[in-house]
Amino acid sequence: MDCESNKEIFLLTANMGNASASVAEAGALIGIELANGREPVCVGGLLQGKVYLQVNNEKVAAQSLALRLHGHEKTCVVQRVEEGGEGGRGVGRTTYHYHYGGAALLKFEAIIAQFPTGELTQGRYEYPFMLSIPPGLPGTQGEYREKQDSFSVKYHVEVELIHPPVRNVRIFNTVEVFLSQPATGPPVPSTVPPLVAPMMFCCCIPQGTAQLTANVDNTSVVMGESFNLDYGIQNMSRLKVDYLEVKLIQTVSGKVSETNFFGPQSYSFETPQDLCKLSFSASEIPGSRALEKGEVYRSVPGQDDALKRVAIKVPICRPTYTGISGSVSHVLLLLLQPVGCTIGIYMEIPMRIYASRLMFQHMVPSVQVPLQRPADWRAQNTGSQPMATGTVIGI
């Protein structure tokens, strides 16, 4: 791409109110390039990049070059209000009200270059940097959608050429960066004890009890990896078992608090999703045989404790997170269903799911203006130094 078309790409980085300033008004164009590209950066690690600055005018007023890293939660809750027809008759209608909220996770600014003379002359400049990411931040996840129930965690790097105000012209650019929270520590086995519950016929007639046992060898799993579920029952009733259903469920929730004419108000949403689902017939469930009429249950050591193992792979989803304006939770739900008009037995095992690089392959980072440097680009201040020469900036 030639230099003239490149100027058009950079043009949007010079904003004046809501309208784009001309190249002459801005006097300079700016861009950001991240060394990792679309790859995520682990929290606690280093984010490397370069700032590219092109001064078009003979001279441009410049005081410093500011680098910012912003992190935030964003939430939208859709409130649905059902309204009846006129006089309580006829077809009603549904109106929608949208409530927006969020929370700041990180606000950081550092000066990566200063200009003592108060100006920059015409030319091209590069400023490499390495930013130290705090270890306690949550990872990137989700997509924020206006007028839809949604919750997201996003991070952006912004660079701005600080100069005396000139008709509110800003020379800046912004690019999204993906952060990932790595899984740490050894496997975490489940601690949910066996569940003994009544086996009810027609919802109210007890037919004995059943014990449902389920053990997970690791409840802290990375997307794309598998965990083992050992399951079995002790059927101490006369009801036959129909099936055992196992579901890995993800629930995304969001909340927004507002104050209006009626005082403080709170709005929320909760969206469950089945990530995977397995079903086992009675013949596949150890200990499912029902008692015969007049038979008394007798425990058989070794036989009653027998469990069957199945491997469950975690698909690409969202990482587990409890935030300020929203959360993402995961649970392994087991339903033991007897035959007939009966009440099933439920067991829940909390899970924690971590992000993997596979998740980020389906995400595209947003950018204020795409960086497209001309092929003959060469900085006059650094000799095109590599990004690794930048000074480490701690937060």
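Everything discussed here concerns the structure shown above.
Residues numbered from 1 in each chain as written. Predicted model: local features only at pLDDT ≥ 70, side-chain atom pairs only at ≥ 80, totals over all residues. Heavy atoms only, no water.

1. Concerning the overall build of the chain
Part 1: Scanning the chain from N- to C-terminus turns up three helices and 22 strands.
Part 2: Considering only residue pairs separated by 6 or more positions, the chain has 75% of its internal contacts joining residues 24 or more positions apart.
Part 3: If you sum the accessible surface of the chain, you get close to 20,000 Å²; carbon and sulfur atoms cover 52% of it. (Helix = DSSP H or I, 4+ residues; strand = E, 2+ residues; numbered from the N terminus. Contact = heavy atoms within 4.5 Å. Areas by Shrake-Rupley, 256 points an atom, 1.4 Å probe, with all protein chains shown as cover.)

2. Quick look at the side chain of D230
Part 1: With respect to the helices, strands and loops of the structure, D230 is situated in strand 15 (residues 226-237).
Part 2: Of the polar contacts made by the side chain of D230, one reaches the side chain of R309; its length is 2.8 Å. (Polar contact = N/O pair within 3.5 Å; in protein donor to acceptor, adjacent residues only side chain to side chain.)

3. Brief notes about the nonpolar core
Part 1: Core analysis: the largest hydrophobic core is formed by 46 residues, its most contacted members being L53, L65, L120, Y127, I133, L161 and V177.
Part 2: With residues up to four places along the chain from it excluded, the contact list for L65 reads I30, V51, A110, I111, I112, A113, F115, Y127, V159, E160 and L161.
Part 3: Among the nonpolar cores identified, the runner-up in size contains 38 residues, and M223, L229, I233 and F280 belong to it. (Core = buried A, V, L, I, M, F, W, Y, C linked by side-chain atoms within 4.5 Å. Buried < 20%, exposed > 50% of the residue type's maximum accessible area, 1.4 Å probe, protein only.)

4. Some remarks on empty space enclosed by the protein
Part 1: Enumeration over the complete set of coordinates arrives at one cavity of 30 Å³ or more.
Part 2: Approximately 110 Å³ is the volume attributed to the largest cavity.
Part 3: Contributing to the lining of the largest cavity are 16 residues, with P138, G139, Q181, P319 and T320 lying nearest its centre.
Part 4: At the level of elements, strand 11 (179-180), strand 21 (345-354) and helix 3 (357-360) are the ones that each hand at least two residues to the lining of the largest cavity.
Part 5: It is strand 21 that provides the largest number of residues to the lining of the largest cavity, a total of three residues.
Part 6: The residue makeup of the lining of the largest cavity, split by class, is nine nonpolar, six polar and one charged. (1 Å grid on protein atoms, 1.4 Å probe; cavity = no way out; pocket = protein on both sides within 12 Å on 5 of 7 lines; lining within 4 Å. Points joined across faces, edges and corners; volume = space filled by probe spheres on them. Nonpolar A, V, L, I, M, F, W, Y, C, P; charged D, E, K, R; others polar.)

5. Concerning a nonpolar patch on the surface
Part 1: There is a patch of nonpolar side chains on the surface, built from Y96, Y98 and Y100 and spanning about 290 Å² of accessible area.
Part 2: Turning to its location among the elements, Y98 is positioned in strand 7 (residues 93-114). (Patch = residues over 30% accessible without salt bridge, like charges linked within 9 Å, V, L, I, M, F, W, Y side chains within 5 Å. Salt bridge = Lys/Arg side-chain N within 4 Å of Asp/Glu carboxyl O.)

6. Thoughts on the pairing of strand 8 (residues 119-132)
A regular strand carries its side chains on alternate faces of the sheet.
Part 1: With 10 of 14 residues buried, strand 8 lies mostly within the body of the structure.
Part 2: By the bridge criterion, 13 bridges tie strand 5 (residues 46-61) to strand 8 in an arrangement that is antiparallel. Residue Q48 lies in a different strand from strand 8, and its bridge partner there is M130. (Pairing = 2+ DSSP bridges.)

7. Re the environment of H156
Part 1: With respect to the secondary-structure elements, H156 resides in strand 9 (residues 150-162).
Part 2: Put simply, H156 and V177 are 21 residues apart on the chain and 5.6 Å apart in space, counted from C-alpha to C-alpha.

8. So, the packing of aromatic side chains
Part 1: One pass over the full model with this rule turns up six aromatic pairs.
Part 2: Seen from their ring centres, F115 and Y127 are 6.3 Å apart, and the 70 degrees between their planes marks the pair as edge-to-face. Note that F115 is positioned in the loop between strand 7 and strand 8 and Y127 in strand 8, a separation of 12 residues in sequence.
Part 3: Residue class for Y127 comes out buried when judged on its relative accessible area of 10%.
Part 4: With a centroid separation of 5.4 Å and an interplanar angle of 85 degrees, the aromatic rings of F261 and F262 are classed as edge-to-face.
Part 5: Since its relative accessible area comes to 70%, F262 is described here as exposed.
Part 6: The ring of Y144 has K74 sitting right over it, with the charged end atom 4.3 Å from the ring centre.
Part 7: Sitting over the face of the ring of F172, R170 holds its NZ or CZ atom 4.0 Å from the ring centroid. (Phe/Tyr/Trp six-rings, centres within 6.5 Å; stacked < 30°, edge-to-face > 60°. Lys NZ or Arg CZ within 6 Å of the ring centre and 35° of its normal.)

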